[in-house]
Amino acid sequence: MQDVSVHGAAPAAQQGRTREQDGARPGEAEGGLQSMLDQGQEEIESLTEMIKDAQEKAKAQRDALEVPKNNTRYGDAPLEAYARLARAKDKAAVNAASGYARRRLAQFRTALHTDSDNAARIKAAINQLQKAINRGEKKKRELDREKLAERRKAASRASKERLKQELRRRRAQRIIREQGYMREAEISNRLAAQLTATQMELRQQAQELSAAVTASAEAAAQQYTAVSESAAAPPPADPSLSFQG
């Protein structure tokens, strides 16, 4: 009986231990799962913190590199000044452009003390505005030179026109003189021909007159001789007056 009880108690004890072991295993499994969950949560939190730190560092870098936001666009003023200067066609327009540049220059010099975040932009704008003012003065000198050159060109054109007119006048006078020379030569030739003809006619008339005078003189001389001879000859004797017996 004792053996039976012992043997009977052993399986019972063994079954009890088996039930204890089976009861202990779920607890251990739950503990391991919880540990794993806790470890995963720690890793997630660590990863979240790392991501947050990286985001904060990236934001800090962006903030360091980001240009400070300001509604004032300092770079536009020099561009506007140069645009006005380029459109200027006379000294009055250049003075207006320079006046704009001077006003903006004074404003930016004041802003340089109040807007330290944009100091570099303001200094660059001030530098360009000062150059715009200097270039405006240079453009006024250039406009004066251009206007002087235009006046000289106009005077040169007027002088050239006067020279052309003088040249045309002298050329016309030369042509008239040359035509006069031809007419003069023709008239001279005509007069010479007429004079020659007149001289020949007079010479012929003189020769004819001389011949006529010579003939008349000879005739007169002959007549005079004849008369003289007839006067000197004795008269013929009258037969009726004969002295003979």
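Here's what I pulled together on the structure shown here. (Residues numbered from 1 in each chain as written. Predicted model: local features only at pLDDT ≥ 70, side-chain atom pairs only at ≥ 80, totals over all residues. Heavy atoms only, no water.)

**Observations concerning the pattern of salt bridges**
In step 1: By the definition in use, this model includes 9 salt bridges.
In step 2: The salt bridge involving R73 is made with D76; its shortest N-O contact spans 3.2 Å.
In step 3: Judged by its relative accessible area of 58%, R73 is exposed.
In step 4: Residue D76 is classed as partly exposed on the basis of its relative accessible area of 34%. (Salt bridge = Lys/Arg side-chain N within 4 Å of Asp/Glu carboxyl O. Buried < 20%, exposed > 50% of the residue type's maximum accessible area, 1.4 Å probe, protein only.)

**Topic: the packing of helix α2 (residues 76-87) against helix α3 (residues 91-114)**
Helix packing geometry: the angle between the two helix axes and the distance between the axes.
In step 1: Contact geometry for α2 and α3: axes closest at 8 Å, N-to-C directions at 170°. Here α2 lies roughly antiparallel to α3, going by the angle between them. Where α2 abuts α3, its residues A77, E80, A81, R84 and L85 lie against V94, A97, Y100, A101, R103, R104 and F108. (Axes fitted to C-alpha atoms, helices over the stretch in contact; angles between N-to-C directions. Helix = DSSP H or I, 4+ residues; strand = E, 2+ residues; numbered from the N terminus. Parallel < 35°, antiparallel > 145°, perpendicular 65-115°, else oblique. Contact = heavy atoms within 4.5 Å.)

**Side note on the nonpolar core**
In step 1: Counting 14 residues, the largest nonpolar core has Y74, A81, A101, F108, I122 and L129 as its most contacted members.
In step 2: Elements that contribute at least two residues to this core include exactly α2, α3 and α4 (119-232).
In step 3: No other element matches α4, which puts 6 residues into this core.
In step 4: In this structure, Y74 is in contact with F108, A111, D115, N118, R121, I122 and A125, ignoring residues within four places of it in sequence.
In step 5: If you look at the next biggest cluster of nonpolar residues, it comprises 5 residues, including L85, A88, V94 and A97. (Core = buried A, V, L, I, M, F, W, Y, C linked by side-chain atoms within 4.5 Å.)

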